[in-house]
Amino acid sequence: MELSMWKSSGQFFDWKGHSIFVQDTAASNKPVLLLIHGFPTSSYDFHLLWPELAETHRLIAFDMLGYGYSAKPANWDYSIFQQADIAEALLKAKGIHSCQVLTHDVGDTVGQELIARSVGGKLCFTAEKVILLNGGLFPETHRAILVQKLMLSPLGFLFTRLMKKAKLRASLRGVCSASLREEDIDAAWALIAHNQGNLRMHKLIQYMRERRENRDRWVGALQNAGMPLVLIDGVEDPISGEHMVQRFEELVPGHTVVRLPGLGHYPHLEDAPKVLSVLKPFLIP
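Right, let's walk through the structure included here. In this text the structure is predicted, and so the values were computed from the model without any measurement. (Residues numbered from 1 in each chain as written. Predicted model: local features only at pLDDT ≥ 70, side-chain atom pairs only at ≥ 80, totals over all residues. Heavy atoms only, no water.)

## Description of the overall build of the chain
And step 1. What the chain contains, in helices and strands, is 14 helices and 8 strands.
And step 2. For 285 residues, the compact-globule estimate of 2.2 N^0.38 gives 19 Å, and the C-alpha radius of gyration of the chain, at 17 Å, lies within 12% of that figure.
And step 3. The proportion of buried residues among the 285 residues of the chain is 59%.
And step 4. By sequence separation, contacts in the chain at least 24 residues apart represent 80% of the contacts at least 6 residues apart.
And step 5. Element-wise, carbon and sulfur atoms account for 53% of the exposed surface of the chain, whose accessible area totals about 11200 Å².
And step 6. Side-chain charges in the chain split into 30 positive and 30 negative, and the spacing between the mean points of these groups amounts to 5 Å. (Helix = DSSP H or I, 4+ residues; strand = E, 2+ residues; numbered from the N terminus. Rg over C-alpha atoms; globule rule 2.2 N^0.38 Å. Buried < 20%, exposed > 50% of the residue type's maximum accessible area, 1.4 Å probe, protein only. Contact = heavy atoms within 4.5 Å. Areas by Shrake-Rupley, 256 points an atom, 1.4 Å probe, with all protein chains shown as cover. Lys, Arg positive; Asp, Glu negative; His and termini not counted. Charge placed at Lys NZ, Arg CZ, Asp CG, Glu CD.)

## Some points on unusual backbone geometry
And step 1. Residue Pro40 is reached from Phe39 by a cis peptide bond, and omega for that bond is 0°.
And step 2. Within the secondary structure, Pro40 sits in the loop between β3 (32–36) and α2 (50–54).
And step 3. Unusually for a residue other than glycine, Ala26 sits at a positive phi of about 55°.

## Details of the pattern of salt bridges
And step 1. Counted under the stated rule, the structure contains 18 salt bridges.
And step 2. Here Glu113 ties to Arg217 by a salt bridge, and the two come within 2.7 Å at their closest N and O atoms. Taken together, the residues Glu113 in helix α4 (residues 106–119) and Arg217 in helix α11 (residues 215–223) connect sequence positions 104 residues apart.
And step 3. Given a relative accessible area of 2%, Glu113 falls into the buried group.
And step 4. Note that Glu183 is salt-bridged to Arg181, the shortest N-O span being 3.3 Å.
And step 5. Salt bridges here are not isolated pairs; linked through shared partners, they connect Asp85, Glu88, Glu113, Arg117 and Arg217. (Salt bridge = Lys/Arg side-chain N within 4 Å of Asp/Glu carboxyl O.)

## Considering empty space enclosed by the protein
And step 1. Within the structure shown, the criterion is met by 6 cavities of 30 Å³ or more.
And step 2. Computed from the structure, the largest cavity encloses a volume of approximately 170 Å³.
And step 3. For the largest cavity, the lining is made up of 16 residues, of which Phe39, Pro40, Ile145, Gln148 and Ser171 are closest to its centre.
And step 4. Elements with a contribution of two residues or more to the lining of the largest cavity: α5 (146–152) and α7 (165–175).
And step 5. Per-class residue counts for the lining of the largest cavity are 12 nonpolar, 3 polar and 1 charged.
And step 6. Reported here for the second largest cavity is a volume of approximately 70 Å³.
And step 7. Considering the residues around the second largest cavity, the lining is formed by Met64, Tyr67, Tyr78, Ser79, Ile80, Gln83, Val106, Leu204, Tyr207 and Glu210.
And step 8. Only α3 (80–93) and α10 (207–213) provide two or more residues apiece to the lining of the second largest cavity. (1 Å grid on protein atoms, 1.4 Å probe; cavity = no way out; pocket = protein on both sides within 12 Å on 5 of 7 lines; lining within 4 Å. Points joined across faces, edges and corners; volume = space filled by probe spheres on them. Nonpolar A, V, L, I, M, F, W, Y, C, P; charged D, E, K, R; others polar.)

Function cannot be read off these values alone, since they describe shape.
Structure representation (structure tokens):
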């Protein structure tokens, strides 16, 4: 789906006075799949999976606060806990009581917080299954690239002002396979830069600190999850590849792991047919 069509077919949801961009296929007769995107991109990351998944499931995705077409307040302390609050509020507003969840990158961490709430009996919906794509599930195995380290530094606010599409392209090319399409890099930059979102990146990336501060809660959520977990990972990813998968198998045994050789950090953009082929059998019909 082209980016212009993605935007025009979406809707907006109000969360505490902030506009949140939402995609919802609104197929009431199909099981619900909630999709949560990664940093620094948006829900458009799932556009190559969207048509085929929509044949069997009602798909709901949203741009997290600070991302994509959603509001990007300048004076705001962005938090994983808030993004999880938005996910809950959105499903509650739509009257959805159960769903499966597909997450990627920082979306994995939001998913971990939702699982933690489920473990504690405080989640407003039933998460039937959580499927995780490449992401920093364990702070000790997350290998941040230089751009991320610079944005996280005390001078991050200056570095974000120097961030241009060429730098994003170089960063994505460094963590993905050669099959990542140029048009998806263009779309990623357009959505990052929309409403000056590129100037918020040093604030958004504070999730890396949150991961360290809340490691016990979020790793414990995986270890005590009351629903099936599936990890699908592009193992060539230098950030969260094979080394992260091995840590998952060590700390969270008994769940399904699928390795995708030859793919990197954005497997669903690098080779959507391959991801669909391994993803669809795990989805509850």
